Amino acid sequence: RKRCIRISTGSKQLDAALNGGFQTMSINEVYGEFRCGKTQLAHTMAVIAQLPKEMGGAEGKVAYIDTEGTFRPERIMEIAERFGVDPDQACENIAYARAQNTEMQTELLDGLAANFATNEYRLLVIDSVMSLYRTDYVGRGELSERQQVLGQFLRRATQMAEEFNLVVLMTNQVMSDPGASALFAGVDGRKPAGGHILAHASTTRLLLRKGRGEERVAKIVDSPDCPEREATYIITTGGIND
Ligand code: GTP
Ligand code: MG
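What counts, and where the lines are drawn
Every chain's residues receive numbers from 1 upward, in the order its sequence appears when written. Labels are handed out in written order, letters beginning with A for the chains and numbers beginning with 1 for the ligands. pLDDT decides what is reported in this predicted model: residues at 70 or higher carry local features, side-chain atom pairs at 80 or more are listed and counted, and totals for whole chains, interfaces and linings draw on all residues regardless. As a convention, hydrogens and water are excluded, and side-chain values are obtained from all of the structure's heavy atoms. Comment: elements are numbered from the N terminus, with helices defined as DSSP H or I runs of at least four residues and strands as E runs of at least two. Here the radius of gyration uses the C-alpha set of atoms, whereas the globule reference equals 2.2 Å times the residue count to the power 0.38. For every residue, the accessible area (1.4 Å probe, protein chains only) is compared with the maximum for its type, and the residue is labelled buried under 20%, exposed over 50%, or partly exposed between those bounds. The contact criterion used throughout is that any non-hydrogen atoms of two residues lie within 4.5 Å. Here, Shrake-Rupley sampling with a 1.4 Å probe gives the accessible areas, and only protein chains in the shown set may cover a residue. Strands were regarded as paired on the criterion that DSSP finds at least two bridges between them. Convention adopted: a line fitted to C-alpha atoms gives each axis, helices being fitted over their contacting stretch, and angles between N-to-C directions are expressed from 0 to 180 degrees. By convention in these notes, a residue is near a molecule or strand provided one of its non-hydrogen atoms lies within 4 Å of it. Pairs of N or O atoms are called polar contacts if they sit within 3.5 Å, as long as, within protein, a hydrogen donor faces a hydrogen acceptor (for residues adjacent in sequence, only side-chain-to-side-chain pairs). Polarity classes work like this: nonpolar for Ala, Val, Leu, Ile, Met, Phe, Trp, Tyr, Cys and Pro, charged for Asp, Glu, Lys and Arg, and polar for all others, with Gly in that last group. Each salt bridge in this description consists of a side-chain nitrogen of Lys or Arg and a carboxyl oxygen of Asp or Glu lying within 4 Å of one another. If an angle is under 35 degrees, it is roughly parallel; if it is over 145, roughly antiparallel; if it lies from 65 to 115, roughly perpendicular; otherwise it is oblique. Left-handed is the label given to a crossing in which the near helix is rotated counterclockwise from the far helix by less than a right angle, and right-handed is the label when the rotation is clockwise.

Caption draft 1: A look at the overall build of the protein chain. Across its full length, the protein chain carries nine helices and 11 strands. For 242 residues, the compact-globule estimate of 2.2 N^0.38 gives 18 Å, and the protein chain sits close to it at 17 Å. Along the first, second and third principal axes, the C-alpha set of the protein chain runs to 50 × 45 × 35 Å. Buried residues in the protein chain amount to 52% of all 242 residues. Considering only intrachain contacts with a sequence separation of at least 6, the fraction spanning at least 24 residues in the protein chain is 65%. Carbon together with sulfur atoms contributes 48% to the accessible area of the protein chain, which is approximately 11000 Å² in total.

Right, dumping it as structure tokens:
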């Protein structure tokens, strides 16, 4: 039987709120407004996943699907230095792919099955999960088709998380358009994109927002084993920290 592992976020406070970090065999969704640190968290965890377990890692390789073109190897190298690991090695342990449309996003996920079958991988990042769906399927007329295709993608990701003992980390945007938000019965403007299909697929959801000055705040919104609580973190050259 596979044993569940937790991977640290880089922030002790946030880890504590998550009972030690994000769990393998689950889909973890991090959403929030721009510049709140979703991509920085993805970079930080892409390094930490490689570390020994004593350091909050999983001694694993990482797969990174980038839909927005915001992956930066230089950031990986800076974060690697914080943890005292070889920067080039840290980059080599990340299988990176850029998706240009939703079809490619699905193909890349399927293609990663071969990587995951080696049992060397412990983290799959999808940054961000909804952006291409939102550009490929425009308007209400295409919404039901979009949700159907999205559902297939999420089922595959869930299956892979369980079969290959992976933390799946998905970032997501919040919908600022009140019309779109109303579609999913959200009125507070802080609804993640993806509707109930994504909400249902995510084991743990984390809402990020800007706090005072450099501070950022993460709120655990939906978790099977953590109460709804908040933690603060900062973004540094070495990634997410306290
Ligand atoms: P969107 O993708 O636009 O929705 O935003 P995001 O949530 O992915 O934000 P991201 O993770 O890109 O965070 C951007 C923030 O990280 C900005 O406030 C940057 O100032 C900060 N940041 C990025 N790189 C560094 C760095 O090397 N050092 C420090 N201190 N901050 C950084
Ligand atoms: Mg981003």
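Caption draft 2: Up close: the sheet that holds strand β7 (residues 167–172). With mixed pairing, the nine strands of this open sheet are ordered in space as β5-β4-β6-β7-β3-β8-β9-β10-β11. Sheet topology places β5 (94–98) and β11 (239–241) at the edges, where each strand pairs with a single neighbour. For this sheet the average axis-to-axis angle between neighbouring strands, irrespective of direction, equals 25 degrees. Both strand β6 (residues 121–127) and β7 contribute to a ladder of four bridges, which runs parallel. Bridge pairing links Leu123 to Val167 in β7. Its contacts with the sheet put helix α2 (residues 38–48) on β3 (26–32), β4 (61–66), β5, β6, β7, β8 (204–210), β10 (230–236) and β11, and the angle it makes with β4 is roughly 155 degrees. Sheet strands in contact with helix α3 (residues 73–82) are β5, β10 and β11, and its direction is about 40 degrees off that of β11.

Caption draft 3: Here's a closer look at the environment of Asp225. Looking at the secondary structure, you find Asp225 in the loop between β9 (215–222) and β10. The class of Asp225 is partly exposed, set by a relative accessible area of 35%. Linking Asp225 and Asn19, residues 206 residues apart in sequence, is a C-alpha distance of 8.2 Å. Those residues in contact with Asp225 that lie beyond four places of it in its chain are Arg6, Asn19 and Gln23.

Caption draft 4: Main features of the site of ligand 1. Taken together, 14 residues lie around ligand 1, and Arg35, Lys38, Thr39, Gln40 and Arg75 are the ones closest in. Within the backbone of Gly37, one N or O atom sits 3.1 Å away from an oxygen atom of ligand 1. Between an oxygen atom of ligand 1 and a side-chain N or O atom of Lys38, the distance comes to 2.7 Å. When residues in the shell around ligand 1 are grouped by element, the largest group, three residues, is from α2. Of the residues that constitute the shell around ligand 1, the class distribution is three nonpolar, five polar and six charged.

Caption draft 5: Examining the pattern of salt bridges more closely. Summed over all chains, the structure comprises seven salt bridges. In this structure, Arg209 engages Glu230 in a salt bridge whose closest nitrogen and oxygen atoms are separated by 2.8 Å. Of this pair, Arg209 sits in strand β8 while Glu230 sits in strand β10, and the two are 21 residues apart along the sequence. Residue classification places Arg209 among the partly exposed positions, given a relative accessible area of 24%. Relative accessible area serves as the criterion here: at 44%, Glu230 is assigned to the partly exposed category.

Caption draft 6: Fine view of the packing of helix α5 (residues 102–116) against helix α7 (residues 143–163). The contact between α5 and α7 brings their axes to 10 Å, and the two run at 15 degrees. Classed by the angle they form, the pair α5 and α7 counts as roughly parallel. The interaxial crossing formed by α5 with α7 has left-handed handedness. Side by side, α5 and α7 meet where Gln105, Thr106, Leu109, Asp110, Ala113 and Phe116 of the first sit next to Phe153, Arg156, Ala157 and Met160 of the second. Its residues placed into classes, the contact of α5 with α7 shows six nonpolar, two polar and two charged.

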